[in-house]
Every structure is written in structure tokens, then in C-alpha cells.
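Structural features, examined
Letter by letter, the chains look like this.
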Amino acid sequence: MNIKDVQDLAELAKLELKEGEAEQLIKDMEGILAYVKQIEEVDVPNIDIEYPQRNIWREDEIIPADFSRDLIVEQFPDAKDGFVKVKKIL
Amino acid sequence: MMIDLKNLTIEKAHKSLTNKEYSCRELAQAYLDIIKEKNTELNAYLEIFDDVLAQADEAQEMFDRGEAVLLTGIPFSVKDNILFEGHIASAGSNILKNYTASYDSTVIKDLKKAGAVFLGRTNMDEFAMGSSTETSAYGITRNPIDLTRVPGGSSGGAAASLAGDMTLVSLGTETCGSVREPAAFCGLVGLKPTYGAISRYGIIAMGNSLDQVSQFGKTVRDAEIVFESLSRYDKYDSTSIKDELRKEMKNKSMGSAGKKIGIPWHLFEDGVEDVIMENFKASVEKFKNAGYEIVEIDLPYSKYSLAAYYIIMPAEVSTNLSRFDGVRYGTRVEGDNIWEMFKKTRLAGFGEEARRRIILGTYVLSHGYYDAYYNKAWKVRHALEREIENAFTKVDFILTPTVPVLPFKIGEKMSDPVSMYLCDIFSAPANLTGIPAIALPSGYTETGLPMSIQFMAPHFREDMLFDIGKKFESLR
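The following paragraphs examine the structure supplied in this document. Fair warning: this is a prediction, and the values are worked out from it, not measured in the lab. (Residues numbered from 1 in each chain as written. Chains lettered and ligands numbered in written order. Predicted model: local features only at pLDDT ≥ 70, side-chain atom pairs only at ≥ 80, totals over all residues. Heavy atoms only, no water.)

Concerning the pairing of strand S9 (residues 397-401) of chain B
Residues and elements named next belong to chain B. Our working rule: Exposure categories follow from relative accessible area, calculated using a 1.4 Å probe and restricted to protein chains: below 20% of the type maximum is buried, above 50% is exposed, and the middle band is partly exposed. A run of DSSP states H or I qualifies as a helix once it reaches four residues; a run of E qualifies as a strand once it reaches two. Both are numbered from the N-terminal end. For two strands to be treated as a pair, DSSP must find at least two bridges joining them.
Within S9, five of the five residues are buried, which leaves the element mostly enclosed by the surrounding structure. As judged from the two bridges shared by strand S7 (residues 260-263) and S9, these two strands associate in the parallel manner. When the sheet's bridge partners are listed, Ile261 is paired in S9 with Phe397.

Spelled out as C-alpha cells, the structure:
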């Protein structure tokens, strides 16, 4: 992993890097990846990755909640007329 | 009146409250007094709720009306990632510094119904990422047993609040050892229940396929009481397990006599401190003398469980933490446009370890590395599930030390992430496979530091863990 890789990952993850952070992250990643890489040597039976976990859906119906819309809106860092407010996207 | 908080248990408190030896208010006040005395130094609690005595009075009314249950009036501390309506839940992070919960998590709702008294919210590693409570944005927590050492983590504040007699019971969460490891470091019992046993609704997520609400107790019985009052199907949590499936899973191991203990000795060859190994062997000897059959088992995939965990968990973390962007809750730092705002908010809001895991998770999920890391880790996880399932056809329990090291000094492991991660090496199999596990205090070193052993049992066999845990308490 090089500086460019870390910068690309940070861009994907919407992280602004501090000064010197990219270098530190490379060092940390080297250590962590060296550790997790040991799974490469594991000989696993050829399992189909059929994930046993699956999404559990619920019907899209209105059910009463024990909290109000207002309480949720109150937590928005910025709101207008009950909607989230952010700077222009397009 | 003086209440002996050190030796207090849920049942003792319940008996005293029933017999009117003291009131719910007096019990809560006794804990508030200790908190006032100790918390500045320990930093176990981030906040003491302002309505503790009012809660205690309501609990008292339940007693007076004859409606009290075992948990009525029992003081609890709550980890900072568990939503309690009208109170801040910051997950130890700056990004949620001012986030007030809009609703109760299911666990809080159930405990409220039982009349439990919530004293305050406890410190934790940021978003539960850490094994020492040193990554919290709100300062470190000290170990009440030795103030120069960490209490473990991520539920370190929870553990310290209980070990410091600043609460009677303590609620934490686990993704990989976050209750068992601090339990070991603070001389407590820590239970990680079966995945899906206790609702995760209203818990700030870290790794959804691994997270589970978990509890500390001073005794096995205390952990059992809390588990039994919280374990139920919850329709608001899609990973909560329905009653029929619970029964089916439990039935698989109903033939177990609960007398055969398997030990994967080969996992302890490297990295376990000598004093812990000696203590472990002494504990094994006690079970042998008490009539348990001890057999060696081979768990070749378990050796890779922590490596697989450190791929799967960051992948889930990078996804989960993407929702903290300054739009719907928490802190916002404005920028010239929305992308700048995301980045500045996440720069101000996330600490070092959170950022490290976001980068790692983004990396293992990225094109070109996905197969080598994420898919391979899942294959290992499947193989591990089969391995553990197979082991439980031969033995009733799997026994390991809880943590390979003693509680370490504050700051000792902060510059070396991998050495910190290795604290949870024996925790990973239970979280990856969803089986329950319990950490049990197994004595102290000559210098007074606590040690701990861990039992794992088949899915939904917490009952077996409580049985053997109580047995161990009687052997000490």
C-alpha cells in the first residue's frame, strides 16, 4: 500500500487526512495486513459462498412508533420545515 | 444506614428491598455516593443521569404495590452505545457528542418495565473499537484494581463501574471480547450470549454480524438473572432469533451431560503469559478433581479466527460508520459543498482507531482485494462454524483462558494496533460462530491482578455456562 492508495481509500471513505496521517496509516496497515494475511495459507474446503445470512424484510406498512417525527428532526444538525438541510448537491 | 455494596448481589438486594431493610432510593443513593467519591479518578461514567432518585422512587412504588420483580430497584450502568430515550448516547465518539436518543433500545425498554434504575452511561472505546477504553474521545478509564492499568475494553467503563462498586449490574456490548476481556481485567463475570438472543434494536452498531448485548455481574447468578430478563425475540431486530428456532438450536445439544470439557491446547503455544498459563492449568485441575472429564481437542481453523475477524469486522465498520456524515445526527462541520462537509465532519468527529478501521474496511472490500480478503475470511468463518459444531458433538464445553495477557499499563499498547488486537484472540471464535461464552474470575496473581478462564457452549446453552460457572465459584 502506498500514499496514493491510502489517499484513494480516504477519498472513497470521505475521510480528510491529517498531516502525516497517510504515512502513519501505511505503517499501521502493513502491520495489520501482515497479520490478517495468514488466512491466505488456510486450506478451506471448497465451500460455495452461499451466505447463510439473508435479509429479513418486513412489509412496507405504516406502524405506530413510540417516538415522534419531531424528535428525529430535532437531532438533525440542520433542518428546514421538517426536512434535512444540506448545501446544494447538484 | 450502611449497605454492604461490595458483597451485594441482585438477590440479596431484592430480599432487603422486599423486607424494607432499605428503600430503592437509599440503595440508589448509596451508589451515587460512591460514584461521587470515585468517578473523578476512574472516569467509569461519562454522565450520571439527573433522574436517578426519581427512577428509584418509581421502583419503590412497584414494591409498595406488590408488583416488584427481581430487577425492580436494581441499579444498572449503561454503556454509551445503548440508546436511552432523552439521554445522550455518544458511543465514546466526538461525532455523536450531542446526540440525544429519540427512543429506547429494547433492552432499556425491558429493564424499565422491570423497574431497574439506570445510574448513568459508561465510557467505552470509540464505537466499541478497542480493548482498553483508551480510544474514547472522553478520556481513559482506569482499572479500579490498579489505577495505573487499563480496565480492558471496549466496555471498560462498564467493567470499572461494577468493579469499583459504583453499580450493582452493568450492561455492555460485544463484537469480539468487549465484555469478556474487561471482565477478565476487572475480576468480574462476563457473559457474551448467543448471537440473536438479546435484541440489538437501539444499539449503535459496529459489526452487525457479530454484535451482541452482553452483561457483567459480580457473580454468575447476577449475569444469569440479567440474561434471562433480556433474552427474547424482538420483531424490531431482524437478526433476533424466533422462539421456534431457539428451541431447535438448543435441542441439538440437549443430550449433553455437561461433564466433558474440551481444551484446544495447541492454541496456547504462543503468546500466553506464563502466569496465566499456570493459573489456567490449576483451574483445569480443579475441574478434573471435581469429576469433569478433560479432553484435548483440535481446532485448526480457530487459530485463524482473529485474522478472519480483523477482515470481516472492519468491512462492516466501514459500512456502518458511513452513516455518520453530519446530515442526520451528531456533529456537523460545514464545508464549501456537501462532500467537503462530509470530510470535515468526519475529520473532526472520528478518532484514530475509527479512521484506521474505516480505511482497512474500505481496503478489504475494494475491487481486486475482495476475493483475497473478504471472501476468504468468510470461507474461514464457515469452516470455523463447522469445526465448532463438530467439536460440540464430542465435548460439552470448550475451555480457554479468557485473555492471553494480564491487564496492561495505560499507554502500553496504543502505538501497536496488532498487539492490542491480540488481546481478543480467544474471544473471536464465539463471536464469529455466534455461540455463547462466559468469562469467569479464576484468581489473582501475587501482585493482585485478576485472571480469568472462558467457557464456550453450543448455541442457546447459556444454561450450561451458568451451571459450570456456579460450579467453578464453589471450587474456588
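Right, picking up where we left off after that structure.
Brief notes about the interface of chain A and chain B
Interface size, as often reported, equals the accessible area lost upon joining of the parts. Put simply, the rule reads: We call two residues in contact whenever any of their non-hydrogen atoms come within 4.5 Å of each other. Buried area: the sum, over both parts, of the accessible surface (1.4 Å probe) that disappears when the two are put together. Whenever a carboxyl oxygen of Asp or Glu lies within 4 Å of a side-chain nitrogen of Lys or Arg, that contact is scored as a salt bridge. Residues adjacent in sequence count toward polar contacts only when both atoms are side-chain atoms; beyond that, a polar contact is any pair of N or O atoms within 3.5 Å, and within protein one must be able to donate a hydrogen and the other to accept it. Residue polarity follows a fixed list, in which Ala, Val, Leu, Ile, Met, Phe, Trp, Tyr, Cys and Pro are nonpolar, Asp, Glu, Lys and Arg are charged, and the others, Gly among them, are polar.
On the chain B side, the residues contacting the 51 residues of chain A number 61 residues. The junction of chain A with chain B conceals about 5200 Å² of combined surface from both sides, 67% of it contributed by carbon and sulfur atoms. Applying the counting rule to chain A against chain B returns six salt bridges. Scanning the region where chain A abuts chain B turns up 16 residue pairs in polar contact (both at pLDDT 80 or more). If you list the elements that add at least two residues to the side of chain A that touches chain B, you get helix H1 (3-12), helix H2 (21-36) and helix H3 (69-74) of chain A. Looking at the side of chain A that touches chain B element by element, the count peaks at nine residues for H2 of chain A. Its residues assigned to classes, the side of chain A that touches chain B comprises 31 nonpolar, five polar and 15 charged.

Observations regarding helix H5 (residues 156-163) of chain B
All names here are of chain B. In terms of burial, H5 is a largely internal element, eight of the eight residues being buried. When we look at burial in H5, the residues that qualify are Gly156, Gly157, Ala158, Ala159, Ala160, Ser161, Leu162 and Ala163. Where H5 is buried, its residues touch strand S1 (45-48), strand S2 (75-79), strand S3 (117-122), strand S4 (169-174), helix H6 (180-186) and strand S6 (212-217). One or two steps after H5, the chain reaches Asp165, where phi turns positive at roughly 55 degrees.

Observations regarding the sheet that holds strand S8 (residues 293-296) of chain B
Residues and elements named next belong to chain B. Going by this rule: To obtain each axis, a line is fitted to C-alpha atoms, and for helices this fit is confined to the stretch in contact; angles are then taken between N-to-C directions over 0 to 180 degrees.
Sheet architecture is open: 11 strands sit in the order S1-S3-S2-S4-S6-S5-S10-S11-S9-S7-S8, paired in mixed fashion. Taken across any chain shown, the strands that pair with only one partner, and hence form the sheet edges, are S1 and S8. For this sheet the average axis-to-axis angle between neighbouring strands, irrespective of direction, equals 30 degrees. On top of the sheet, helix H7 (residues 220-230) reaches S2, S4, strand S5 (189-192), S6 and strand S10 (437-444); it is set at about 150 degrees to S6, its chief contact.

What about the packing of aromatic side chains?
All names here are of chain B. How we decide: Centres within 6.5 Å make a pair out of two Phe, Tyr or Trp rings, where for Trp the six-membered ring is used; the pair is then stacked when the planes are under 30 degrees apart, edge-to-face when over 60, and tilted otherwise.
One pass over the structure, following the stated rule, counts 28 aromatic pairs over all chains. For the ring pair Phe268 and Phe280, a centre distance of 5.3 Å and an interplane angle of 80 degrees mean the geometry is edge-to-face. Taken together, the residues Phe268 in the loop between S7 and helix H9 (274-289) and Phe280 in helix H9 connect sequence positions 12 residues apart. Here Phe268 matches Phe280 in class, with each residue buried. Ring centres of Phe397 and Phe455 lie 5.5 Å apart, and the angle between their planes is 65 degrees; on these two criteria the pair is classed as edge-to-face. Taken together, the residues Phe397 in strand S9 and Phe455 in strand S11 (residues 450-456) connect sequence positions 58 residues apart. No difference in accessibility class separates Phe397 from Phe455, as the two residues are buried.

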